Amino acid sequence: MKQLTLIIPVYNEELSIPVFVKEFREFYSELQVKGYATELLFVDDGSKDNTCHVLTKLAQENDDISVLIFSRNFGKEAALFAGLENAKGSIVIPMDVDLQDPFDMIPLMIDEYEKGADVVLARRINRSNDRFLKRFSAQWFYRLNNKMSSLKLEENVGDFRLMTQQVVNEIISLQENQLFMKGLMSWVGFNTAIVDYVRPNRKEGKTKFNYRKLWNLAVQGITSFSTLPLKVWTYFGSIIAFISFLYGLKIIVEKLFFGINASGYASLMVAILFFGGVQLIGIGVLGEYLGRTYLESKRRPKYIIKNKI
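Residues numbered from 1 in each chain as written. Predicted model: local features only at pLDDT ≥ 70, side-chain atom pairs only at ≥ 80, totals over all residues. Heavy atoms only, no water.

A. Examining the packing of helix α3 (residues 76–86) against helix α6 (residues 165–172) more closely. The contact between α3 and α6 brings their axes to 9 Å, and the two run at 125 degrees. With respect to α6, the axis of α3 lies oblique. In this structure, α3 meets α6 at a crossing whose hand is left-handed. Across the interface between the two elements, F81, L84 and E85 from α3 touch V168, I171 and I172 from α6. Tallied by class, the residues present in the contact of α3 with α6 amount to 5 nonpolar, no polar and 1 charged. (Axes fitted to C-alpha atoms, helices over the stretch in contact; angles between N-to-C directions. Helix = DSSP H or I, 4+ residues; strand = E, 2+ residues; numbered from the N terminus. Parallel < 35°, antiparallel > 145°, perpendicular 65-115°, else oblique. Left-handed = near helix turned anticlockwise from the far one by under 90°. Contact = heavy atoms within 4.5 Å. Nonpolar A, V, L, I, M, F, W, Y, C, P; charged D, E, K, R; others polar.)

Next up, the structure:
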């Protein structure tokens, strides 16, 4: 029988985990019909609630459940990478524990895999359940990223996807520790198929992603796969320098032939503040890339596993 591993990163999800396992048990017969034995691989990303105890009890009572427990919170990207490194299945599917990634999509993904796809993406066909700001920011992130980067991300596709072991091996061979998993999983390529679905509402608990975390993830995604933000300031600086040169010529001509009236305080302050702000933004963009380089140069591990069950 072929092996399928479901990777489920969790953080403070003591309420959602039993519901997830219960729903999976009700669905499991469909996978058996297709000839797949399934392993549930939970990655506890340093939870502070009763998640670790719940997972430990489940792993001790069920042969098909494995658990990785981090020494602290390293973030979902690191948890997902750890799952990929420890998955045993010939095919792997990362899923969220909140049941917003429906089990009934898995047979459809397997069908595409058996037709020859190495990667099968699950794409949301609408985001009507999301708040306006989240829909708007997600739409513009994909547009901005795909304009700025040579790596094109499929819109409305998260971590929920099927990957073969060959794809997984290529991903985990990458050495960087500042992770943007959507980008890494897309960067490796391979034959890709897409299945569409409507994402249901979360059943238990609350999302752990706030707008600050989403913003940081978006910045990490763009700076991981594009240097355009650095190049933009070269072009912008060249344009400003050219305009300044023309303005300097104008001042020289006025001084030599017409004389110059005293300039106003307000216009001088506006110019100083504008160019000061532009310089600080440019330094900030440069600092973002320099900071990533600094963190990568330390070669610290992506995560630390406290216990395996």
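Read on for the rest.
B. Region of interest: empty space enclosed by the protein. A full pass over the atoms with the stated rule returns 1 cavity of 30 Å³ or more. Considering only enclosed or pocket space, the largest cavity measures out at about 30 Å³ in volume. In terms of lining, the largest cavity is formed by P9, K76, L80, P94, M95, D96, D101, D159 and F160. Mapped onto the lining of the largest cavity, the elements with two or more residues apiece are α3 and β6 (157–164). A per-class count over the lining of the largest cavity returns 5 nonpolar, no polar and 4 charged. (1 Å grid on protein atoms, 1.4 Å probe; cavity = no way out; pocket = protein on both sides within 12 Å on 5 of 7 lines; lining within 4 Å. Points joined across faces, edges and corners; volume = space filled by probe spheres on them.)

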